[in-house]
Structures are given as structure tokens and as C-alpha cells.
Amino acid sequence: MKKFTNLLFKEIRELINKQLIISLLMMMAIFYFIGQMAKTEMKKAAATQKISVMDLDQSELSRGLAGSLKTANFEIEWSQGKDPEAAVQAAKKSDAYLLLVIPQGFGESVARFEQKEITTYTFLRSFSIGGIRKSEILRAVITATNNYLSDNVLKRKVPDVSPDILKSPIKTKDYVIVKDRMAEGSASAISGFVYSQSIIIPIILFMIIMYSSQMVISAIAMEKQNKTLETLLTVPIPRTSIVTTKMLAAGIVGLLSAAIYMIGMKSYFGGITGDVRASAAMSGVIKQLGLTLSGKGYLLLGIALFFAILCGLAMATILGVLAEDFRSAQTLMLPLMLMILIPYLLSFFADVQSLPLPAKLLVLAIPFSHPFLATPNIMLGRYPAVIYGILYMAVVFLVLVFIAARIFSTDRVLTMKLRWGKKKVVL
Amino acid sequence: MTIVLKVEGLKKSYGTKEALKGIDFEVQEGEIFALIGPNGAGKTTTLRIVSTLLSPSGGKVTLLGYDLKKEPEKIRENISYLPEEAGAYRNLKGTDYLRFMANFYADTREKADETVRRGRDIAELGTALNDKVGTYSKGMVRKLLLARALMTKPKMAILDEPTSGLDVINSLEVREIIKKFAKEGISVLLSSHNMLEIEFLSDRVALIDKGRILDAGTSQGLKDKYQAPNLEVVFRSALR
């Protein structure tokens, strides 16, 4: 055990070097900085915004519309003159993001039940979410005004019937069913909410598996490049311990790095979403449908992630042996990266269950697919699928470890090389 | 004298290429046994097999009675191998590297301390041992590695070109250290291109070429046999 810990501490010390610490701290700082910037931008977008308004109508209705804009936290900058083009040029020079032109006869047309156009100009000065939000608010104000006007007309014309009934004679009551649970709510809203809450999970999985695998492959390649592997292989410690300590150290440092990385990501996402909290109603629906990760769910997800890391480490160990030096190790990461990338991207855009059978089998054959599939499966109560995934990964891991141990216990650890020039594996 | 290492009919093939075609030799306790030969003769392959890095394709190797194929871990406990192109962990300080290696051989902290002390004395790198290996010159790394190989007092030290990359003064010092440790009972199996070094260091020499041992004996015995002034001429004569 003493020899094992001696080797393990050395491996950890080799991995946690100055470069790693600096890059992690830099990454955290960058994410934090961007997050804070995004937060500031979002706050700015939510704060009082300038809007240029050219009111060519000067009617009660146009003044009412301007009043609504004030209520919606807009600061109105009245545009003088009669020429909309001149108003556009003036607004361009000012810091206003929006210009609203209310045409002459607007109030009268509405009173005559004629549809009348008002013109909005949005000055797209950046592609930030904050900038887009401003025009969304204006759109909401106009929609509310439209509703107000049509409701008033309907009330006057048909006083005994609610305008809501007249505008939407068919009312829907939406229910969402998940397994044996049912709750009232919109499927798209619920899906959107669950997606937004669990979007971080695949990112965490991706980062951890990539980090750990990258570390072990580099560690073995560096041993070869620095000519330390031969000496290490002749010291009195079982070869299996050499393999295990490399995997364990990479696993520990990989988890640590991913945790630090995720703190930065959390700060970044916190900035973008503005620390959005679920409404009480939505929380209730989510809970009612069981779309939350329970203790058992987290445990299963943790086990799935653990086995995926082990598979990644074992695969990286074998690939590391094939590498001649650090540079070739980076190239050898490619197949592993692809195997992680496929389920990672699929988790965002597609449902594996709905894929054609060959594609589905291909995805399920990749061990790294299973932790990505675990979250939706757990939420939807498909526990057997999660357990089968874990068992599959355990089998793959055992096979890979057996191969890795066989390689390390023979001279193949020194003679096996993947030569790209000759395009053949020398065994 | 006790036989520490016995090599019988040792063969090694890489695919269709035969690197060793059946070689035999023995190394006794406290003896320095040298393999000399041109590049590709099979010297390094022999040393790598004895140090358990490569598996033989045929023949038998026993060290202190342990069979290399059956008990490689027992062999590793009793040897120390210095490869020709070895390196040390660049992020570790010299002393930390010695301690890291000492911990594989010492049961207790006291024994590890003693081993490290011995390593420091052999290396003679002074305060540089407190610096990271990454800052060392090639010669300093070689001295550190030699110290690592000898500090554990192995039953057999396997040294592949021990003075490779060292200047004249450092080479002389290293040779003195090897001699000293052999007198203390450590058997040494080494290879070198430097015939002067071989003559100075070795008790017995094996001339190896194309995977076969051409002849073996003491330096003086071989010179007498081939009526040659030095080992270089001996080797040339043996090749004919």
C-alpha cells in the first residue's frame, strides 16, 4: 500500500503543476468576468430604456400608447418634426435602441375599426441578449395595447360577453402525463423549463470525462517522451498498480478540474439567465410530475458518471501506450473525443429513443452515451435503462482494464506504437 | 563465488527480426560484466530482458535463483536498471526524485532516509538537489540517475552506457563510483561503446555481434588470446 500511495502522490504532483493551476484560475476568472458583464448587460436591459417616439397623430389613443410605454419602464424622447426619415437619422445619432412612429390619423382609424400601421425601428447595435430584450418589451407593449383596444371595442359592442370568450371561443386545458403522474400545464413550457434546468448536466459530464481522459493519455505519453517509463517499469511495484495509479490520479485531478471549471460556468450561466428562479406554479408542476432528480436519481447519475470516467480512463490508458510522445497523444485523443462528442451533442438536439435502429444501437454501443441518457431516463422513471447502461459500462470497463493490464504486463507497453506515416500498428 | 545472474540460450525476436540468437553468460557476486559490440548487436535488448522490460522469445534467465518469466517482481526487488536514454521527472526536485524511488525499496521511513542520504552522496550535486530536475544539465541528470540506481544497493545493477553524455571528469567519477559499489558486493551488468571504460571497469567482457556472443573472458585474457593491444583490436579480430 505504501508503494501504491507513493506512486499515486507522484502522479498527482505531476498532474497538478503550475500550468494547470494557472489555466484553471484563468478560466474561472474569465468565466466570472464574462458572467458579471452579462449580468450587468441584462440589468441594463431591464432598467429604464430610451425610446424615440414620433407622434404624428397627437390623439388620445397615441398619448395612451405613450403612457403604456412609460409604465413599461421606457424613457420617451419625443422626436420633433414630421419626417420619419429625419427621426430615424436623429435616433441613429442618439443612444436610443428603438424608434416608434405613430402615423397621422392613427386614433381615428382605430375608432373606425380600420387597421392602422405604426412603424417601429430597432437599432441593432449588438447581438447581445440584452439588446434583443428591449425590442421584445416594445412588442409586448404593442400587443397589450392591441388587446386593450380590441377588448374595449368588444365590450362596447357585446357588453354581455367577455372579450376573452369572443376572441378565443375554444379554450384548452392542458395536462401533461409522465408515466403514472399527471399535472396541469403546457408540455412545451415544462419541457423548456426542464431543459433549462438540466442543460448544465451534459456539460459537466463532457468536461469531466474529457479532462480525466486527456490527463491519463498525456501522463503516459509524457512518461515515454521524458524516458521515465522504462525506469518506472523496473521498480518493485506491480504493473497493475502503475496503471491504476495513473487512472486514479487522472480521475481525482479530472474531477477537481471539472468542479473548478463548473464553478466558473455556473457564474457565467448565472449572469446570462439573471439567476432565474422557477415560479412557484412551475415548481409545483415539476414536482407533481416527478421531473426532479431525487436522492436515488442523483446516486444513479453519479454511478453512471463514475463508470463513464472509468471507461474513459481505461480507453485513454490504452491510447496513451500507442503514443510515442506528448504530441502524438493529442492526436490519439481524437477517437475518444468523438465518442464523447456524439452523445454530448445528441443530448441537446435529439432523442436517442426516436433514432433509427442502427443509429440507436451505435449510440448505445458508445459507453459514454449512457451518462448523457441517464438524466432524462431518471426523470422519466426509466430506471431499468439506466441500470442496464451502468452494467454495460462496467463490462466495457472490465474488458478495457483487462486489455490495459495485459499491455502493461508485457513488453508491448514499450514496443506498441501507432505510426501514422506507415498507417499500421506495430505490436 | 555465488552466481547472481545466469543467462542460458537467450533469444529475442521482433516479428521476423532476430535480435538475440541464443546467448549464454553468467555474472557472479560483486563482478562487473560488460557487453561490448556495435549498434544493433543486441546489448540493450539483453539488458532490457534482464531488467524485466522485455520478455524473452526463448531461453532462460535466472537472477538469484528467481526465474525471470515466472517471478519478474522478485527480480525487480533485486535489480536496478539505468537505461541509456533515461530521464527523471522534470517537476520533481532532485531530492524528491531520490525519495520517490527510495520509497519503493525501503520498508520504513528511516531506511528511506538512509537510502536518500546515500543517493545524495553518490550524486554529489550539492544544493542543486533542491532544484527541479527540469533545470538540470544532461550530465547532472545522468549523475542523479546513477545515484538512484546505486543508492538502493541492489544485488545487480544493470547499466546501459552509464557514462553516456558525461564529460571526462564526470565519467571518471562515475566509473570510480561503480567500482566502489562492486567492491561492496553489487554485481554489475553493463554495456558500453567505450573500450577504455570497459577495460577500466569490467572484470569480464563478452563480445556480442548480430545477436550472438563471439567470445568472453577477462580483458587481459582476451587481449592475450587475440594477441591484441586493446579491446578494439580484440573485437575486430573476433569478428573475422
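Each chain carries its own residue numbering, running from 1 in the written order of its sequence. Labels follow written order: the first chain is A, the first ligand is 1, and so on. A pLDDT threshold of at least 70 governs which residues receive local features in this predicted model, and a stricter bar of 80 or more applies before side-chain atom pairs are shown or counted, although totals over entire chains, interfaces and linings include all residues.

A. Structural detail: the overall build of chain B. Counting from the N terminus, the helices are the DSSP runs of H or I reaching at least four residues and the strands are the DSSP runs of E reaching at least two. Scanning chain B from N- to C-terminus turns up 9 helices and 10 strands. Relative to its length of 240 residues, chain B is compact, with a C-alpha radius of gyration of 18 Å against a globular reference of 18 Å. Considered along the principal axes of its C-alpha atoms, chain B spans approximately 50 × 40 × 35 Å. Counting other C-beta atoms within 10 Å of each residue's C-beta, where C-beta atoms are placed from the backbone, gives the exposure class: buried for 20 or more, exposed for 12 or fewer, partly exposed between. Across the 240 residues that make up chain B, the buried fraction comes to 46%. In this description, a residue-residue contact is defined by the distance between C-beta atoms placed from the backbone, which must lie within 7 Å. If you take every contact in chain B between residues at least 6 apart in sequence, the share linking residues at least 24 apart comes to 66%. C-alpha atoms define the radius of gyration, and 2.2 Å times the number of residues to the power 0.38 defines the globule rule.

B. Main features of the environment of Gly185(A). Residue and element names in this part refer to chain A. Mapping Gly185 onto the fold places it in the loop between strand E6 (181–184) and helix H8 (187–198). You can call Gly185 partly exposed: it has 19 C-beta atoms within 10 Å. Between the C-alpha atoms of Gly185 and Met282, which are 97 residues apart in sequence, the distance is 8.3 Å. When near neighbours in sequence (up to four residues on either side) are disregarded, Gly185 contacts Asp174, Val176, Ile190 and Val285.

C. How the structure looks around the interface of chain B and chain A. Counting residues at the interface gives 23 residues for chain B, matched by 21 residues for chain A. Only Asp, Glu, Lys and Arg are considered charged, only Ala, Val, Leu, Ile, Met, Phe, Trp, Tyr, Cys and Pro nonpolar, and every remaining residue, Gly among them, polar. Of the residues belonging to the side of chain B that touches chain A, the class tally is 12 nonpolar, 6 polar and 5 charged.

D. Local environment of the pairing of strand E8 (residues 187–191) of chain B. Residue and element names in this part refer to chain B. Judged by how many residues are buried, E8 sits mostly within the fold: 5 of 5 residues are covered. Going residue by residue along E8, you find Ser187, Leu189 and Ser191 tucked away on one face and Val188 and Leu190 tucked away on the opposite face as well. By definition, two strands form a pair when at least two bridges between them are found by DSSP. As paired strands, strand E3 (residues 32–36) and E8 are joined by 4 bridges and run parallel to one another. Along E8, the bridge assignment pairs Leu35 with Ser191.

E. Up close: the sheet that holds strand E5 (residues 66–67) of chain B. All names here are of chain B. The strand order E2-E1-E4-E5 describes an open sheet built from 4 strands, whose pairing is antiparallel. Whereas interior strands pair on both sides, the edge strands pair on one side only; in this sheet they are strand E2 (17–28) and E5. Alignment of strand E1 (residues 3–14) against E2, held across 9 bridges, turns out to be antiparallel. Residue pairing across strands places Leu5 opposite Val27, the latter belonging to E2.

F. Just the nonpolar core, in detail. Note on terminology: a nonpolar core is any set of buried Ala, Val, Leu, Ile, Met, Phe, Trp, Tyr and Cys residues joined through C-beta atoms within 7 Å. Among the nonpolar cores identified, the biggest contains 140 residues, and Ala308(A), Cys311(A), Ala314(A), Leu144(B) and Leu189(B) are the most heavily contacted of them. At 17 residues, the largest contribution of residues to this core is made by helix H13 (residues 295–322) of chain A. Excluding its chain neighbours within four sequence positions, the residues that come into contact with Leu144(B) are Ala88(B), Gly94(B), Tyr97(B), Ala123(B), Leu125(B), Val133(B) and Tyr136(B). In this structure, Ile51(A), Phe74(A), Ala91(A) and Ala96(A) belong to the second largest nonpolar core, which totals 19 residues.

Shape descriptors only; they carry no functional weight alone.
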